[in-house]
Amino acid sequence: MTGQNKGQNGVKMRLRHIKGAEEEIANSPYVIQDPKAVKGKWRQLFGNPNPIRIEIGMGKGKFIMELAAQNPDVNYVGIERYSSVLLRGLQKREQLELSNIYFIRLDALELAEVFEAGEVERIYLNFSDPWPKDRHAKRRLTSDRFLAVYDQILDREGVIEFKTDNQELFRFSLESIPQAGWKVLEKTFDLHHSDMAQGNVMTEYEEKFSAEGKPICKLTARR
Ligand code: SAM
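Figured I'd write up the structure that's included with this text. (Residues numbered from 1 in each chain as written. Predicted model: local features only at pLDDT ≥ 70, side-chain atom pairs only at ≥ 80, totals over all residues. Heavy atoms only, no water.)

Structural notes on the sheet that holds strand S5 (residues 101-105)
Turning to step 1, where the next piece is worked out: One open sheet accounts for 7 strands, arranged S5-S4-S3-S6-S7-S9-S8; its pairing is mixed. Each edge of the open sheet carries a strand with a single partner, namely S5 and strand S8 (183-188). Looking at each pair of strands side by side, their axes are set apart by 20 degrees on average, direction ignored.
Turning to step 2, where the next piece is worked out: Here 5 bridges tie S8 to strand S9 (residues 217-222), and the two strands are oriented antiparallel to one another. Looking across to S9, one finds that lysine 187 is bridged to leucine 219.
Turning to step 3, where the next piece is worked out: Sitting on the sheet, helix H4 (residues 83-93) touches strand S4 (75-80) and S5, and the angle it makes with S5 is about 165 degrees. (Pairing = 2+ DSSP bridges. Helix = DSSP H or I, 4+ residues; strand = E, 2+ residues; numbered from the N terminus. Axes fitted to C-alpha atoms, helices over the stretch in contact; angles between N-to-C directions. Contact = heavy atoms within 4.5 Å.)

Listed below in structure tokens is the structure:
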């Protein structure tokens, strides 16, 4: 299968099919093959009562694997909808000794079929596809359609953390999040030169864009 996706600038990119990706994912002990069967039982799967944090659209997974290494008392689930991208993360995962992270291949719209109400303590959205055309606004991971899904799985005190280089997507999110009844707790248009930079773990896209001199935006939000 060769899919089509919108890149950061909204340009159509071909998602290259990587031979054997599906098979490697299907045989990986690091990928939960039937995540819907684990709904409500994620802590049993991890074998501890620690909080569960997820990254939606983890790409090659640098960010979430670094967090997992830094925080052994937190459980992490990396979510990515494309096999060819997830495969890259798996190749890195195999070199690490970690017991607090799994991956799932899933579209974020299906998250409420995979996590029970309140089962997730934090959601990370990093450099989500901007979908610049108005008619595609519902596809943005900070649109009301996705916020309604996060509402179903996030703990009452749970927090969303969102980073992007895309100012339009950031401004859109600063409107869509309060409109959906959530509170923006903190925000910055220049993360790396702000108080919010403390403890920041960079993603692959963040490294690339900040090396080009682009400021990074970040917000956190809660209901
Ligand atoms: N988070 C990584 C980073 O910051 O380096 C990757 C960013 S990349 C631009 C966005 C990723 O989100 C892509 O790998 C894409 O396939 C994934 N993605 C987009 N929409 C998604 C959805 N609805 N469900 C799951 N993954 C999604």
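So, next bit.
Some points on the site of the ligand
Turning to step 1, where the next piece is worked out: Close to the ligand lie 19 residues, the nearest being Gly57, Glu80, Ala108, Thr203 and Tyr205.
Turning to step 2, where the next piece is worked out: In this structure, glutamate 55 approaches the ligand through a side-chain N or O atom, which is 3.3 Å from a nitrogen atom.
Turning to step 3, where the next piece is worked out: Glutamate 204 is positioned with one of its backbone polar atoms (N or O) 3.3 Å from an oxygen atom of the ligand.
Turning to step 4, where the next piece is worked out: Here the ligand loses 95% of its free accessible area of 590 Å² to cover by the protein chains.
Turning to step 5, where the next piece is worked out: Taken together, the residues that form the shell around the ligand break down as 8 nonpolar, 5 polar and 6 charged. (Near = heavy atom within 4 Å. Polar contact = N/O pair within 3.5 Å; in protein donor to acceptor, adjacent residues only side chain to side chain. Areas by Shrake-Rupley, 256 points an atom, 1.4 Å probe, with all protein chains shown as cover. Nonpolar A, V, L, I, M, F, W, Y, C, P; charged D, E, K, R; others polar.)

What about the side chain of glutamate 206?
Turning to step 1, where the next piece is worked out: Structurally, glutamate 206 can be placed in helix H7 (residues 204-211).
Turning to step 2, where the next piece is worked out: Given the relative accessible area of 0%, glutamate 206 is considered buried.
Turning to step 3, where the next piece is worked out: Apart from residues lying up to four places away in sequence, glutamate 206 is in contact with Phe127, Lys163, Leu191, His192, Asn200, Val201 and Ile216. (Buried < 20%, exposed > 50% of the residue type's maximum accessible area, 1.4 Å probe, protein only.)

Quick notes on the environment of phenylalanine 189
Turning to step 1, where the next piece is worked out: Residue placement: phenylalanine 189 occurs in the loop between S8 and H7.
Turning to step 2, where the next piece is worked out: With relative accessibility at 30%, the residue phenylalanine 189 sits in the partly exposed group.
Turning to step 3, where the next piece is worked out: In sequence terms phenylalanine 189 and cysteine 217 are 28 residues apart; their C-alpha atoms lie 4.3 Å from each other.
Turning to step 4, where the next piece is worked out: In this structure, phenylalanine 189 is in contact with Gln167, Phe170, Arg171, Leu174, Pro215, Ile216 and Cys217, ignoring residues within four places of it in sequence.

With respect to the side chain of threonine 164
Turning to step 1, where the next piece is worked out: Summarising the element assignment, threonine 164 is placed in strand S7 (residues 154-164).
Turning to step 2, where the next piece is worked out: Among the polar contacts listed, one links the side chain of threonine 164 to the backbone nitrogen of asparagine 166, at a separation of 2.9 Å.
Turning to step 3, where the next piece is worked out: Ignoring anything within four residues of it in the chain, the contact list for threonine 164 reads Phe127, Leu169, Phe170, Ile216 and Cys217.

With respect to the environment of leucine 111
Turning to step 1, where the next piece is worked out: On the secondary structure map, leucine 111 appears in the loop between S5 and strand S6 (120-126).
Turning to step 2, where the next piece is worked out: Look at leucine 111 and you get buried, because its relative accessible area is 0%.
Turning to step 3, where the next piece is worked out: Sequence-distant contacts of leucine 111, defined by excluding residues within four places in its chain, comprise Ile54, Ile56, Ile79, Leu106, Val149, Tyr150 and Ile153.

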